[in-house]
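These are the residues of each chain, in order.
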Amino acid sequence: MCDINDLRKKLKNKKRIVIKIGSSSLTHPETNNIDLYKLEKLVRILTDIRNQGKEVILVSSGAIAVGRNASGLGSGELTIAQKQACASIGQAQLMMIYQKLFSEYNQKASQILMTKYTMTDDLSRYNARNTFKELLKMGIIPVVNENDTISTYEIVFGDNDRLSALVTAITNADLLILLSDIDGLYTDDPNTNSNAQFVPLVTSIDEKMFSMGKSTSGSSVGTGGMSSKLIAAKIATDSGADMVIANGSHISVIEKILNGEEYGTLFTSHHKENFNITDYLTD
């Protein structure tokens with residue numbers, strides 16, 4: 001049986017990588033405005049990974065947060081319609097920034113907006129898979145987000161953790177990195193329980209594991225808590241990919257993970273026989 005160091009070293013050989021970054025990792029906590037330094041460093045690292053001959057897909061949150069600040073709606077609770085309007089404003093601004101930064105490094109990027117229907121409908125899912133395949137063949141870095149402008153399901157129930165895992169599955173990626181505002185999986189919420197222990201390695205996900213997750217997010221701009229990340233881990237590992245949950249406060253953690261260093265919690269793959277992506281879309 002491989003020890004954790006051997007399993008970590010194997011991450012160096014991953015060829016198709018999905019990286020999800022949450023709103024909390026993209027914004028300044030004081031203002032919720034975009035952290036341009038982090039965004040620029042993220043783009044530089046992703047481009048460098050692509051320059052190594054690897055394929056990269058970015059699943060990026062932040063559209064609603066960016067749109068909210070641009071529209072001056074303040075910190076109160078938003079209606080669904082307001083969230084959709086903010087997503088419309090913010091997604092355009094966010095993608096404009098991504099395109100500008102990627103162009104600085106001579107790297108082309110594309111935008112893909114998805115809804116639950118994209119995954120549940122066989123034809124839409126087939127078309128999405130082909131689009132990803134062609135973009136990666138062309139050397140493009142796809143930037144993916146939920147289409148919150150027209151879909152209320154994702155705003156109310158969903159999150160980009162699960163979306164990134166579904167993207168991992170339909171593209172046959174072999175590694176998913178979830179960057180969030182927590183170091184990884186703990187036996188309990190470390191913000192409320194000082195005795196919570198860090199879990200560096202997970203080789204199987206069961207109901208006991210889910211009881212360790214919390215449904216709430218520690219960030220005012222995020223939507224996914226640890227429970228959503230465990231659902232993502234279940235999807236990704238069942239599809240045949242490894243997954244790492246790590247703290248996105250320092251974007252360079254991506255490089256360290258891909259260098260085999262021990263950061264975050266590693267969930268090892270165990271391809272499920274007769275894996276069917278629609279089985280994970282029932283709730």
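See the structure shown above.
The rules behind the values
Residues numbered from 1 in each chain as written. Predicted model: local features only at pLDDT ≥ 70, side-chain atom pairs only at ≥ 80, totals over all residues. Heavy atoms only, no water. Salt bridge = Lys/Arg side-chain N within 4 Å of Asp/Glu carboxyl O. Helix = DSSP H or I, 4+ residues; strand = E, 2+ residues; numbered from the N terminus. Buried < 20%, exposed > 50% of the residue type's maximum accessible area, 1.4 Å probe, protein only. Pairing = 2+ DSSP bridges. Contact = heavy atoms within 4.5 Å.

Visitor: Can you help me understand the pattern of salt bridges in this one?
Guide: Oppositely charged side chains may form a pair once their charged atoms are brought near each other. Applying the stated criterion to the full structure yields eight salt bridges. Between Asp122 and Arg125 there is a salt bridge, with the nearest N and O atoms lying 2.8 Å from each other. Here the residue Asp122 and the residue Arg125 both occupy positions in helix α7 (residues 122–137), the gap between them amounting to three residues, near one helical turn. Given a relative accessible area of 11%, Arg125 falls into the buried group. Across the pair Asp238 and Lys234 runs a salt bridge whose closest N-O atoms are separated by 3.6 Å.

Visitor: Would you mind going over the sheet that holds strand β1 (residues 16–21) with me for this structure?
Guide: Strands belonging to one sheet form pairs held by backbone hydrogen bonds; the direction of such a pair is parallel or antiparallel. In spatial order, the strands read β3-β4-β2-β1-β5-β9-β10-β8; together these eight strands make up an open sheet with mixed pairing. In this open sheet, the two strands that pair with only one neighbour each are β3 (109–114) and β8 (201–202). Of the pairings in the sheet, the one linking strand β9 (residues 242–247) to strand β10 (residues 265–267) comprises three bridges and is antiparallel in character. Paired with Met243 across the strands is Phe267, a residue of β10.

Visitor: Sorry if this is basic, but what is going on with the environment of Thr168 here?
Guide: If you trace the backbone, Thr168 turns up in helix α9 (residues 160–170). Through-space distance from the C-alpha of Thr168 to that of Ala241 is 7.5 Å; in sequence the pair is 73 residues apart. Apart from the residues within four sequence positions on either side, Thr168 is in contact with Val18, Ala173, Leu176, Ser239 and Ala241.

Visitor: Quick question: what am I supposed to make of the side chain of Ser61 here?
Guide: By secondary structure assignment, the location of Ser61 is in the loop between β2 (55–60) and α4 (63–71). Looking at Ser61, the relative accessible area reads 10%, which means it is buried. Here Ser61 is in contact with Lys20, Ile21, Gly22, Ser23, Leu26, Leu94, Asn145 and Asn160, once residues within four sequence places are set aside.

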